[in-house]
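Each chain, letter by letter, is given below.
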Amino acid sequence: MEIRYIRIALTPEGGQFHELDGVVDGAHGVVRDQLASIDLLQDESILLLYRLVTDRSVDDLDRLLSTPDCVRSSRVAAGEDGQYALCHVDPAEPLRTLLSIADEQALLVDDPIEFTDDGSMLVTVAGTERALRRGVAAVPESVTVRIEGVGDYHPAGGSGSLLTSRQREALQVAVRLGYYEEPREATCEEIAGVLDCTSSTANSLLRGAEARLVETYLRGWDRGPQLSSSG
């Protein structure tokens, strides 16, 4: 199973992936620089970790980001290279759909995601060639897609970075319940009950994660990150 990457620029109508983007962009002296991390949670709410370029204080940003109704919780911390805002937000389009596509196609969204001056996101996504094609085709019409590059994908951060958040969650539940013990102490049905999905979905998540981990081991990708471009 060959793992490929695609580097794409995504531009939403109106310049916003989530209404919180508009709040940040409308604030004086605050620039969205990166999404250091992003995760679609089980209830379809979204966890965002923004890197912001600003001279405004942590307390000021805390007040700004906690005001919108779409924000369930937020916390701002100062870093060496900017302010970091961790925001738990309600699901909103088109961001929810884009993250759902990544989960459905078992695609890895590589962190960090960069923002451009026109509000686009520059994203590197990895997966099988078939899954990448399906993922791009499923992007809603309200989002413009521009392909910046393609190639073979060699992940940074070890084998765990190959897995989607949902695959990691499935593996964690499987290990906790004893699915990999000998003799086996849990079934796919029990794992599915914890994940709140069907047993076939749980099985698919585990098989996909196992295949990627085995391939990573056999190919020796622990030598470090490398993106090999190809035409």
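Residues numbered from 1 in each chain as written. Predicted model: local features only at pLDDT ≥ 70, side-chain atom pairs only at ≥ 80, totals over all residues. Heavy atoms only, no water.

A word on the overall build of the protein chain
Condition: Only DSSP runs of H or I reaching four residues or more are called helices, and only runs of E reaching two or more are called strands; each is numbered from the N terminus. Residue burial is assigned from relative accessible area. The probe radius is 1.4 Å, only protein chains are included, and a residue is buried under 20% of its type maximum, exposed over 50%, and partly exposed in between. By definition in these notes, contact holds between two residues if any of their heavy atoms fall within 4.5 Å. Only the protein chains shown count as cover for residues, and the accessible areas themselves come from Shrake-Rupley with a 1.4 Å probe.
For the protein chain, the helix and strand inventory stands at 7 helices and 9 strands. In the protein chain, which comprises 231 residues, the share counted as buried stands at 42%. In the protein chain, the share of contacts with a sequence separation of at least 24, taken over all contacts with a separation of at least 6, comes to 68%. Working note: accessible area of the protein chain is about 12000 Å², and carbon and sulfur atoms make up 49% of it.

Let's talk about the packing of aromatic side chains
Definition in use: Between the rings of Phe, Tyr and Trp (Trp by its six-membered ring), a pair exists once the centres lie within 6.5 Å; its type follows the angle of the planes, with under 30 degrees stacked, over 60 edge-to-face, and the other angles tilted. Two conditions define a charge sitting above a ring: the NZ of Lys or the CZ of Arg must be within 6 Å of the ring centre, and it must be within 35 degrees of the ring normal.
Taken as a whole, this structure holds 2 aromatic pairs when the rule is applied. With centroids separated by 5.1 Å and ring planes inclined at 85 degrees, the aromatic side chains of Tyr179 and Tyr180 adopt a geometry described as edge-to-face. The side chain of Arg32 reaches across the aromatic face of Phe115, ending 4.3 Å from its centre. Here the guanidinium or amino end of Arg184 rests over the ring plane of Tyr179, the centre of that ring lying 3.9 Å away.

Remarks on the nonpolar core
Inclusion rule: In this text, buried Ala, Val, Leu, Ile, Met, Phe, Trp, Tyr and Cys residues form a nonpolar core when linked through side-chain atoms within 4.5 Å.
Membership of the largest hydrophobic core comes to 38 residues, with the highest contact counts inside it found for Leu20 and Tyr50. Leave out the neighbours within four places in its chain, and Tyr50 touches Leu20, Asp21, Arg32, Gln34, Leu35, Gln83, Tyr84, Ala85, Cys87 and Phe115. Counting residues in hydrophobic clusters, the runner-up holds 15 residues, among them Ala170, Leu171, Ala202 and Leu206.

Notes on the pattern of salt bridges
Heads up, the condition is: Salt bridge, as used here, is a side-chain nitrogen of Lys or Arg placed within 4 Å of a carboxyl oxygen of Asp or Glu.
A full pass over the atoms with the stated rule returns 15 salt bridges. Between Asp152 and Arg4 there is a salt bridge, with the nearest N and O atoms lying 2.8 Å from each other. Of the two residues, Asp152 is situated in strand E8 (residues 143-154) and Arg4 in strand E1 (residues 4-12); the sequence distance between them amounts to 148 residues. Residue Arg4 is classed as buried on the basis of its relative accessible area, which comes to 16%. Notably, a salt bridge pairs Arg96 with Glu44, separated by 3.4 Å at the nearest N-O pair. Highlighted residues: Arg96 in helix H3 (residues 95-104) and Glu44 in the loop between strand E2 (30-40) and strand E3 (46-54), separated in sequence by 52 residues. Judged by relative accessible area, which is 21%, Arg96 ranks as partly exposed. For Glu44, a relative accessible area of 35% translates into the label partly exposed. Salt bridges here are not isolated pairs; linked through shared partners, they connect Asp21, Asp25 and Arg32.

All we've got here are geometric facts, nothing functional implied.
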